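Coordinate analysis (summary)
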Amino acid sequence: MSIGAKAGKGIRCHNEALLRLLGKIAHQCGTRAFLVGGPVRDMLLDRFGPDIDIAVESKAQTVGKEIGRRVHGRFVFHSRFLTATVTLPDSSHIDITQTRTETYSRPAVLPRVKPAPIEQDLFRRDFTINAMALEITPFRFGYLLDPCSGQQDLKYKLVRILHPKSFIDDPTRIFRAIRFAIRLGFGIEPQTLKLMRQSIKSSYPSLLTAERILYELRLISSETRRLQMIEAIKREKLTRTCLDWSPPSHFLSKLKLLSSRTRNPELFFILILSNLPDTGNFPITKQERESARAINRFHLIHSRLMRAKRLSTIYRLLHPIPEPALQILSRIEPRAVARAINLYLNRLSSIRPTVTGRELRKLGLMPGPKYQRILDRLLYARLDGLISKEKEYNMARRLIRQKKV
Ligand code: ATP
Ligand code: MG
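Section: the overall build of the protein chain
- For the protein chain, the count of helices and strands is 21 helices and 13 strands.
- The C-alpha atoms of the protein chain give 28 Å as radius of gyration, which overshoots the globular expectation for 405 residues (22 Å, by more than 25%).
- Projected onto its principal axes, the C-alpha coordinates of the protein chain cover approximately 85 × 50 × 40 Å.
- Looking at the protein chain residue by residue over its 405 residues, the buried ones come to 37%.
- Partitioning the intrachain contacts of the protein chain with sequence separation of at least 6 by distance along the chain shows that 59% fall at a separation of at least 24.

Comments concerning the pairing of strand S6 (residues 83–87)
- On S6, burial follows the alternation: Ala84 and Val86 on one face are buried, whereas Thr83, Thr85 and Thr87 on the facing-out side are not.
- By the bridge criterion, 5 bridges tie S6 to strand S7 (residues 93–98) in an arrangement that is antiparallel. In the strand pairing of S7, Thr83 is matched with Thr97.
- Between S6 and the antiparallel strand that follows it, S7, lie 5 residues; Ser91 among them carries a positive phi value of about 65°.

Some remarks on the environment of Val159
- Mapped onto the fold, Val159 is located in strand S12 (residues 158–159).
- Placed 64 residues apart in sequence, Val159 and Asp95 show a C-alpha to C-alpha distance of 24 Å.
- For Val159, the contacting residues outside a window of four places in its chain are Phe127, Ile129, Ala177, Phe180, Ala181, Phe186, Ile188, Glu189 and Thr192.

Some details on the environment of Thr262
- For Thr262, the position within the fold is in the loop between helix H12 (249–261) and helix H13 (265–275).
- When the C-alpha positions of Thr262 and Glu16 are compared, they lie 34 Å apart, and in sequence the two are 246 residues distant.
- Those residues in contact with Thr262 that sit more than four places away from it in its chain are Leu267 and Arg331.

With respect to the pairing of strand S5 (residues 74–78)
- By the bridge criterion, 5 bridges tie S5 to S6 in an arrangement that is antiparallel. Of the residues in S6, the one forming a bridge with Phe77 is Ala84.
- Hairpin connection, S5 to S6: the antiparallel pair is bridged by 4 residues, and Leu82 has positive phi, about 50°.

Here is what the cut-offs are and how they apply
Residues numbered from 1 in each chain as written. Chains lettered and ligands numbered in written order. Predicted model: local features only at pLDDT ≥ 70, side-chain atom pairs only at ≥ 80, totals over all residues. Helix = DSSP H or I, 4+ residues; strand = E, 2+ residues; numbered from the N terminus. Rg over C-alpha atoms; globule rule 2.2 N^0.38 Å. Buried ≥ 20, exposed ≤ 12 C-beta atoms within 10 Å, placed from the backbone. Contact = placed C-beta atoms within 7 Å. Pairing = 2+ DSSP bridges.

Written as structure tokens, this is what we have:
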């Protein structure tokens, strides 16, 4: 489908009917609406992204709610950010944002936000290629607003900031510049590159909170060319400035190996965490923290694992390690170790003793530490093939009678 006669060229659009509907709903609610940022860039590049970003000049909440109702989506409003999100049944998103200006009181802090017309909203954005809007309200549907010459930079394949203070106001844009340049195969425009390097040299990225830096690393972890992005970050000394982290080349090889064996973004992110100097008070999940730590400490059990003769030994060594860490290690460790880990993941981890805790109680054992120790002994005996399922019950009875287990 082709829209955008006003844009001077036909824009191919895979979801024109939905966009027309969204524009109509906004119009009925009494506001203009625009497709903005990434989706406009991607449409002009003939790329496809599942998410839709809409900006409205007022009534973001009303418009969001109405869209949610009409497309049978789940609607959430974030009053602090004046943003509504509608999640569609196929789990793609429509974000509806109030057009705004942003002012930065200090470098690297979150900006103060004030409602403003679309023309001003486009000037608060990160790069020219992300500062375009396509009107979707009826009668002006397909009209492209491009006040910063984003189309031209798309043509010349350039990532360019909108004003010289951009990387000082918000140093996360440095991560973004690298990410977009590598994702799209673009260059960073020379003046932009110079200002980016100045911002890094002056340590502006170190003013960012850990939360915002980790968010950027998560985004990078989801990208197809994530490895190139991490290499660029290293080259530009970006994370050296803000995380005191410069990934060593042996670690880059591990990232590369993992990447060649799985696309999973979470595993890539955890492997990065495992190499960061101090994740102590980072806002990450317990599982991420423990997985990263386990990867870091894996060398401590490495030789014992290699020497393990019994399956119960492999089980005992690997059981305390969270599953994401094992998933990672099985892909980056040498073959013999990987085989032991896969054996654990695919077979050993799901084996359970047939005798249950309840049966132990029936046999007269009161709950306590001995309880777990007996269950463990039964399991290890099963793993090592010392007893059959049938004989487990007898063994349990014998262990209960023994004083020392
Ligand atoms: P993607 O395809 O990765 O989603 P995107 O361009 O949609 O790319 P988002 O992070 O989804 O990027 O942000 C949506 C839009 O919001 C961007 O296109 C840009 O116009 C604006 N934006 C996002 N982050 C910033 C920022 N740090 N500074 C200025 N503008 C930003
Ligand atoms: Mg987006």
